Amino acid sequence: MSKLKVAVMISGRGSNMESLAQACTAPEFPAEICVVLSNKPDAAGLEKAASFGIPTAVVDHTAFADKAAFEHAVVETLEQHGAELICLAGFMRVLSARFVQRFPHQILNIHPSLLPSFPGLHVQQKAIDHGVRFSGCTVHFVVPEVDAGPIVAQAVVPIEEDDTEDSLAARILAKEHLIYPESVKLVAEGRVHIDGRRVRISNGAGD
Ligand code: GRF
C-alpha cells in the first residue's frame, strides 16, 4: 500500500506535528510525513521533526521581497518532497488565495475553537470571555477566507469555572492531538468527500 505523502507546515512548538509524526510511526497508518516546513528558522518543532527522522525545511518569510515570492518558494519545497496533502499545524502566515487554489482540497488546518465560533487568534481567551460553556477544536479544509473551510472533525471541551487561557488551551490541545491524526487518516483512506460546505465521511466499504 502506498502511503499518502503529507507536508506539515509549522511556525513554532510543533506539538500537533509531533502527534501526526507519532501516528505515522504505526505501520498500518495510511500516511507519512514527507517534510516539515517552517517559516521560522528557530521553530522548536523542527528539532522534534528531525528526531523522528523526518526531512525539514525552512522557508523564512522575512528573506523574501513579498508574499508571492515567499509562497513560490514554499510551493517549490512542497513539490520537491512530493506533498499530496498539506497540514497546517500552528503555521502563522495567512496563505494567499493563489496558494490555496494551487492545492485544491489538499490543505487542512487545525484551530483551537469550535468553528465558526472564534476564528482568528487568542481564541481560548475569547471563548472564556464570551462565557460559552463549551469550546474545543476543529480540523477543516483551508479556503482563502481564514478559518472558514469545510469541517472534517471537531472535539468538544467543557469550559470550567476557574479556567484560564492556559488551562483551557492545554485541554483543547490534548483533543487536537487526537482529531488531527484521525482526520489525516480519513483523508488518506479516501473517505473524505467535500459536498459544498459539508464534509461527508464514507465508511470505507466503497459507499
Ligand atoms: C494549536 O493550538 C493549533 O490549534 C493552532 O496553533 C497551535 C499550534 O500548536 N493552530 P503546536 O505548534 O501544534 O503545538
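Residues numbered from 1 in each chain as written. Predicted model: local features only at pLDDT ≥ 70, side-chain atom pairs only at ≥ 80, totals over all residues. Heavy atoms only, no water.

**Some points on the overall build of the chain**
In plain terms, the rule: Secondary structure elements follow DSSP: runs of H or I of four or more residues count as helices, runs of E of two or more count as strands, with numbering from the N terminus. In this treatment the radius of gyration is a C-alpha quantity, and the globule benchmark scales as 2.2 Å times the residue count to the 0.38 power. Burial classification: accessible surface area is computed with a 1.4 Å probe over protein chains only, and a residue below 20% of its type maximum counts as buried, one above 50% as exposed, and the rest as partly exposed. We call two residues contacting when some pair of their heavy atoms lies within 4.5 Å. His is not counted here, nor are the chain ends, while Lys and Arg score as positive and Asp and Glu score as negative. By convention, the charge on Lys lies at NZ, on Arg at CZ, on Asp at CG and on Glu at CD.
Looking only at helices and strands, the chain features 6 helices and 9 strands. Its C-alpha radius of gyration of 17 Å places the chain within 12% of the 17 Å reference for a compact globule of 207 residues. In the chain, which comprises 207 residues, the share counted as buried stands at 47%. Considering only intrachain contacts with a sequence separation of at least 6, the fraction spanning at least 24 residues in the chain is 62%. Within the chain, the 25 negative side-chain charges are centred at a point lying 4 Å from the centre of the 18 positive side-chain charges.

**Regarding helix 6 (residues 165–188)**
Cut-off, in case you're wondering: Helix span, as expected, comes to 1.5 Å for every residue beyond the first.
Under the 1.5 Å per step criterion, the end-to-end length of helix 6 is 33 Å for 24 residues, consistent within 8% with the ideal 34 Å. Those residues of helix 6 that sit buried are Leu-168, Ile-172, Leu-173, Glu-176, Ile-179, Tyr-180, Pro-181, Ser-183, Val-184, Leu-186 and Val-187. Taken from the residues just after helix 6, Gly-190 is the one with a positive phi, measuring 75 degrees.

**Some points on the domain arrangement of the chain**
In plain terms, the rule: Where each domain starts and ends comes from a domain assignment, either automatic or drawn from a database. The buried area of a pairing is the accessible area, by a 1.4 Å probe, that goes missing from both parts when the two are put together, added over both. Salt bridge, as used here: a side-chain nitrogen of Lys or Arg that lies within 4 Å of a carboxyl oxygen of Asp or Glu.
The domain architecture assigned to the chain consists of domain 1 (1–103) and domain 2 (109–207). Of note, the centres of domain 1 and domain 2, computed from C-alpha atoms alone, are 19 Å apart. On the domain 2 side, the residues contacting the 20 residues of domain 1 number 17 residues. Counting each side, the surface lost to burial between domain 1 and domain 2 is near 1500 Å², with a carbon and sulfur contribution of 77%. Remark: the boundary between domain 1 and domain 2 carries 0 salt bridges.

**With respect to the site of the ligand**
To be explicit about the condition: If a single non-hydrogen atom of a residue is within 4 Å of a molecule or strand, that residue counts as near it. Polar contacts, as counted here, are pairs of nitrogen or oxygen atoms within 3.5 Å of one another; within protein the pair requires one atom able to donate a hydrogen and one able to accept it, and residues that are adjacent in sequence qualify only if both atoms are side-chain atoms. Values of accessible area rely on a 1.4 Å probe in the Shrake-Rupley scheme; residue burial ignores everything except the protein chains shown. Under this grouping Gly is polar, as are all residues other than the nonpolar Ala, Val, Leu, Ile, Met, Phe, Trp, Tyr, Cys and Pro and the charged Asp, Glu, Lys and Arg.
As a structural note, the neighbourhood of the ligand is formed by Arg-13, Gly-14, Ser-15, Asn-16, Gly-90, Ile-110, His-111, Pro-112 and Glu-176. Between an oxygen atom of the ligand and a side-chain N or O atom of Arg-13, the distance comes to 2.5 Å. Backbone polar atom of Ile-110 to a nitrogen atom of the ligand: 2.9 Å apart, as the coordinates give it. For the ligand, the accessible surface in isolation is 370 Å², of which the surrounding protein chains cover 85%. Among the elements of the structure, helix 1 (15–24) and strand 5 (107–111) are those that each provide at least two residues to the shell around the ligand. Among the residues making up the shell around the ligand, the classes are represented as 2 nonpolar, 5 polar and 2 charged. Residues lining the shell around the ligand come from more than one domain, with at least three contributed by each of domain 1 (1–103) and domain 2 (109–207).

**Observations regarding the layout of surface pockets**
Filter applied, for reference: Only protein atoms enter the 1 Å grid used here, on which a cavity is any set of points holding a 1.4 Å probe that cannot leave and a pocket is any open set flanked by protein within 12 Å on both sides along at least five of seven lines; residues with an atom within 4 Å of a point are listed as lining. Grid points are joined across faces, edges and corners, and a volume is the space filled by probe spheres set on the points.
One number sums up the size of the largest pocket: a volume of about 1000 Å³. Around the largest pocket sit 41 residues that line it, and Gly-90, Phe-91, Met-92, Ile-110 and Leu-121 are the ones nearest its centre. Residue assignment for the lining of the largest pocket shows that the elements contributing at least two residues are helix 1, strand 5, helix 5 (123–130), strand 6 (134–141) and helix 6. When residues of the lining of the largest pocket are assigned to their parent elements, the largest contribution, 5 residues, is made by helix 6. Its residues placed into classes, the lining of the largest pocket shows 22 nonpolar, 13 polar and 6 charged. Here the lining of the largest pocket spans two domains, and each of domain 1 (1–103) and domain 2 (109–207) adds at least three residues to it. Considered as a void within the structure, the second largest pocket measures approximately 160 Å³ in volume.

**Focus on the nonpolar core**
Stated precisely, the cut-off is as follows: Residues grouped as a nonpolar core are buried Ala, Val, Leu, Ile, Met, Phe, Trp, Tyr and Cys residues, joined through side-chain atoms within 4.5 Å.
Val-8, Cys-87, Leu-108, Tyr-180 and Val-184 are the most contacted members of the largest nonpolar core, which totals 42 residues. If you tally residues by element for this core, the top one is helix 6, at 7 residues. Two domains share this core, each providing at least three of its residues, namely domain 1 (1–103) and domain 2 (109–207). Excluding its chain neighbours within four sequence positions, the residues that come into contact with Tyr-180 are Asn-16, Leu-20, Cys-87, Leu-88, Ala-89, Leu-108, Asn-109, Ile-110 and Val-139. With 22 residues, the next largest nonpolar core counts Cys-34, Ala-83, Phe-99 and Phe-103 among its residues.

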